[in-house]
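# Structural overview
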Protein chains: 2
Amino acid sequence: MTEGQAELVRRQPTLDTVAAEAGVSRATASRVINGSPRVSPEVKRAVQDAIARVGYVPNRAARTLVRRRTDSVALVIREPNATVLADPYLANIIVATSDELIGTGVQLVLVNARNDDEHERVADYVRGGHVDGVLLASMHGDDPLPGMLLAAGVPTVVGGRPPRRIPGLCYVDVDNLGGAQLATEHLLGAGRKRIATIAGPADMTAAADRLDGFGRALTEAGLTADRVVHGEFTHESGELAMTTLLDRHPDLDGVFAANDLMAAGALRVLRASGRRVPDDVAVVGFDDIDLARHTEPALTTVHQPVIHQARLMTELLLTQISGEPGGDPVVLPTQLVRRDSA
Amino acid sequence: MTEGQAELVRRQPTLDTVAAEAGVSRATASRVINGSPRVSPEVKRAVQDAIARVGYVPNRAARTLVRRRTDSVALVIREPNATVLADPYLANIIVATSDELIGTGVQLVLVNARNDDEHERVADYVRGGHVDGVLLASMHGDDPLPGMLLAAGVPTVVGGRPPRRIPGLCYVDVDNLGGAQLATEHLLGAGRKRIATIAGPADMTAAADRLDGFGRALTEAGLTADRVVHGEFTHESGELAMTTLLDRHPDLDGVFAANDLMAAGALRVLRASGRRVPDDVAVVGFDDIDLARHTEPALTTVHQPVIHQARLMTELLLTQISGEPGGDPVVLPTQLVRRDSA
DNA sequence: TGACCGCGTGAGAGCGCTTCCATATAGTAC
DNA sequence: GTACTATATGGAAGCGCTCTCACGCGGTCA
């Protein structure tokens, strides 16, 4: 190969190159590439050979321009907290989404919109026509973004239930309420009476639903759900919350933490305080991330089907993109995973 | 808003719309958008007002087509193992890269090329002109991809040292050898004499370098490095490796695990075998992921500057894209973080 | 034999943008 | 007043592709 000396960047072959090489028109070459049936077998062969010979790769920008289709979707993550960002829950969402897209020819554009006020930037980006659809994850509060995208007619699927009902908006949630209720009932079933919870950030529906589930289980058991402290879904905030809880209610015998990271923090504080888990205090988490198997003792927790959720979101988005209507919200079941902490 | 009934999709305003609205030519409107100095202040104002009025957003595909610049880069992850994929190390790389890109106007396309033979697909994708440059992470073996990209003249930065020296290829590595040596010396310094290692996958240079560092430290202390078992950088493989190690060398008093996940697995097996850490067996890990602070006991480990690495890779890539030459390989320092396990 | 049909193919318009080149206008120097 | 220059603006080409439309050809039917 003599290309080592190439100082002028050799231009990629275009469709014209292929057409000339195959002795056909550009239109015909295009037909072959796009699998049109109205091409004679000989010509098809000739074009395919030419493509291989010149090493042709279609230019996406040109194709996008005329087709008004980018064959890529955005995964927009609205998580301001860097610790949570690096948490396996989101990593799983990212990986599962990307996995689901393999083989579809659709690319994943990762948009990290951490700041609250970035919805304008994201909306502009999407309206700029760079993606065919949007997956929204880790939403906080009443984010205007889903509404904006819906209004702009952009196919959108949200991970988790938005706080406000938005007609026509498709989302995939997991049964946070039911899962939390399960967890709390498990604690009750083990004879615990003085149960507290470390709730998640109040501006996230997943956290609110888990708190509701906790409250419902206690109420149904005739108890009052008044031992509540909020954390930030991080390990550190779990430690802090547990410390506060112990301070206020030294006699507690059960804790439901709204996620595993906080549960791990709680475990640590509990141990440091001289309490044995589960003998003195039983602990249940939520998420069932990898870490849950590695804590001491291994964490009893609520499994949420993250990968399934991500796959489903992607699937629903692709359906929407292909022109079918929005699709109804979906809520996936959760289940209790019993380990050693409760 | 009466747009609810819109059955014909309202087309986004184009540059022509803006030009007409502002009473100028398309060329002038374009100049304003691209910040050309040769525009009179009044016209500039008029165009900017028009843009705001019609809600214009430039079409990226059209711009890309003529500029031959996509303003996006690919982060290609070559990790076949799903567990490792979801591991915080890679999550950090993804997040840090994406963070570094904020404000540059460059988008991140995540390409998950798990299978060994996908380099062709990725290379074609890149040659299709969909990205301006490529970041490569989690490489295994002697992957042909970097060479292919380099040959195609595509700006590329690799995370970690490739096994074979490729002239002109830019990479950012961390000092795996030095870190491993530090870890092992720490074990030696604590009086340990029968030290084993749980090495990483033999096809990754990071793993090989860590094993080398381990060997070097022992050799310099006049000991032989013959207690070696390989794992897969996962928690489970760490447990397995530790079991094997204990079986072969029941008298060992120190373990260097090539990553924290495996160290956590080792800790668990050690505890199950009735050994106390660090009293009976001291353990040092590598990576300093979040988990290292949550193990029992908290893990002494080697900190590698993942976020710094990702940021630097991104920076170097953007430099390359802007036309400057490749840039030399960089090796970032690692340091020992002392906690309770050694 | 002529009218008709279906199929494979090519010509060419046009997607929305940037940018070269030409032109108009105003300003300066002689 | 003329000649020249600097500056703002518009016309228009063209990036690489898809797709409509028109055309030519061979076959079928009356």
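These figures come from a predicted structure and were not determined experimentally. (Residues numbered from 1 in each chain as written. Chains lettered and ligands numbered in written order. Predicted model: local features only at pLDDT ≥ 70, side-chain atom pairs only at ≥ 80, totals over all residues. Heavy atoms only, no water.)

### Here we look at the protein's contact with DNA strand C
- Residues in contact with DNA strand C amount to 29 residues; listed here are only the nearest, A:Thr28, A:Arg31, A:Arg68, B:Leu15 and B:Tyr56.
- Those atoms of DNA strand C that come within 4 Å of the protein belong to sugar or phosphate at a rate of 64%.
- The separation between a phosphate oxygen of DNA strand C and a polar side-chain atom of B:Tyr56 is 2.3 Å.
- Within the contact set of DNA strand C, a phosphate oxygen lies 3.2 Å away from a backbone nitrogen or oxygen of B:Asn59.
- Elements supplying a minimum of two residues to the surface near DNA strand C: helix 2 (26-33) and helix 4 (60-67) of chain A together with helix 2 (26-33) and helix 4 (60-67) of chain B.
- Among the elements that line the surface near DNA strand C, the one with the most residues is helix 4 of chain B, at 5 residues.
- Along the lines of polarity and charge, the residues of the surface near DNA strand C split into 13 nonpolar, 7 polar and 9 charged. (Near = heavy atom within 4 Å. Polar contact = N/O pair within 3.5 Å; in protein donor to acceptor, adjacent residues only side chain to side chain. Helix = DSSP H or I, 4+ residues; strand = E, 2+ residues; numbered from the N terminus. Nonpolar A, V, L, I, M, F, W, Y, C, P; charged D, E, K, R; others polar.)

### Section: the relation of the copies chain B and chain A
- Mapping chain B onto chain A is achieved by rotating through 180° and translating by 0.1 Å along the same axis, at an RMSD of 0.1 Å. Both chain copies can therefore be described as sitting about a two-fold axis.
- In this assembly, 100% of the residues forming the interface of chain B have copies in chain A that are likewise at the interface, indicating an isologous arrangement. (Least-squares fit on C-alpha atoms with pLDDT ≥ 70 in both. Contact = heavy atoms within 4.5 Å.)

### Digging into the pairing of strand 4 (residues 156-159) of chain B
- The side-chain alternation of strand 4 of chain B yields two buried faces, one formed by B:Thr156 and B:Val158 and the other by B:Val157 and B:Gly159.
- Considered for its hand, the β-α-β crossover made up of strand 3 (residues 133-137) of chain B, helix 8 (residues 145-151) of chain B and strand 4 of chain B is right-handed. (Buried < 20%, exposed > 50% of the residue type's maximum accessible area, 1.4 Å probe, protein only. Right-handed = clockwise from strand over helix to strand, strands pointing away.)

### Comments concerning the sheet that holds strand 8 (residues 254-257) of chain A
All names here are of chain A.
- Ordered by their spatial adjacency, 6 strands build an open sheet running 7-6-8-9-10-12, and the pairing between neighbours is mixed. Where the open sheet ends on each side, the last strands, each with one partner, are strand 7 (228-230) and strand 12 (335-337). Each strand axis lies, on average, 20° off the axis of its neighbour in the sheet, ignoring direction.
- Note that strand 6 (residues 195-199) and strand 8 share 4 bridges and pair parallel. Counterpart to Ile-198 in the pairing with strand 8 is Ala-257.
- The strands that helix 12 (residues 260-272) touches are strand 6, strand 8, strand 9 (282-287) and strand 10 (300-303); relative to strand 9, the one it contacts most, it runs at about 160°. (Pairing = 2+ DSSP bridges. Axes fitted to C-alpha atoms, helices over the stretch in contact; angles between N-to-C directions.)

### Comments concerning the sheet that holds strand 4 (residues 156-159) of chain A
- Strand order across the open sheet formed by 12 strands is 11(A)-5(A)-4(A)-3(A)-1(A)-2(A)-2(B)-1(B)-3(B)-4(B)-5(B)-11(B), with mixed pairing between neighbours. Looking at strand neighbours, the two that pair on one side only are strand 11 (330-332) of chain A together with strand 11 (330-332) of chain B, the edges of this open sheet. Going from strand to strand, the sheet's axes swing by 20° on average, the running direction of each strand aside.
- Sheet topology note: the strand 4 of chain B/strand 5 (residues 170-174) of chain B ladder contains 3 bridges and is parallel. Looking across to strand 5 of chain B, one finds that B:Val157 is bridged to B:Cys170.
- Contacts from helix 6 (residues 88-101) of chain A reach strand 1 (72-77), strand 2 (107-112) and strand 3 (133-137) of chain A together with strand 2 (107-112) of chain B within the one sheet, and its direction differs from that of strand 1 of chain A by about 175°.

### Details of the packing of helix 11 (residues 235-248) of chain A against helix 12 of chain A
Residues and elements named next belong to chain A.
- Relative to each other, helix 11 and helix 12 sit at 50°, their axes nearing to 7 Å. The angle between helix 11 and helix 12 places the two elements in the oblique class. As for how helix 11 packs across helix 12, the hand of that crossing is right-handed. Mapping the contact onto sequence places His-235, Ser-237, Gly-238, Glu-239, Met-242, Thr-243 and Leu-246 in helix 11 and Leu-261, Met-262, Ala-264, Gly-265, Ala-266, Arg-268, Val-269 and Leu-270 in helix 12. (Parallel < 35°, antiparallel > 145°, perpendicular 65-115°, else oblique. Left-handed = near helix turned anticlockwise from the far one by under 90°.)

### Things to note about the UniProt feature "domain: HTH lacI-type" (unreviewed entry) in chain A
- The UniProt feature table records "domain: HTH lacI-type" (unreviewed entry) at residues 13-67 of chain A.
- Taken end to end, residues 13-67 of chain A is 69% helix and 0% strand, and its two terminal C-alpha atoms sit 20 Å from one another. (UniProt positions renumbered as here; feature names shortened; annotations may be inferred.)

### Focus on helix 10 (residues 205-220) of chain B
All names here are of chain B.
- Here helix 10 spans 22 Å end to end across 16 residues, near enough to the 22 Å set by a 1.5 Å rise per residue.
- Along helix 10, the residues that are buried comprise Thr-205, Ala-206, Ala-207, Asp-209, Arg-210, Gly-213, Phe-214, Gly-215, Ala-217 and Leu-218.
- Taken together, the buried residues of helix 10 touch strand 5, helix 9 (176-189), strand 6 (195-199), strand 7 (228-230), strand 8 (254-257) and strand 9 (282-287). (Expected span 1.5 Å × (residues − 1).)

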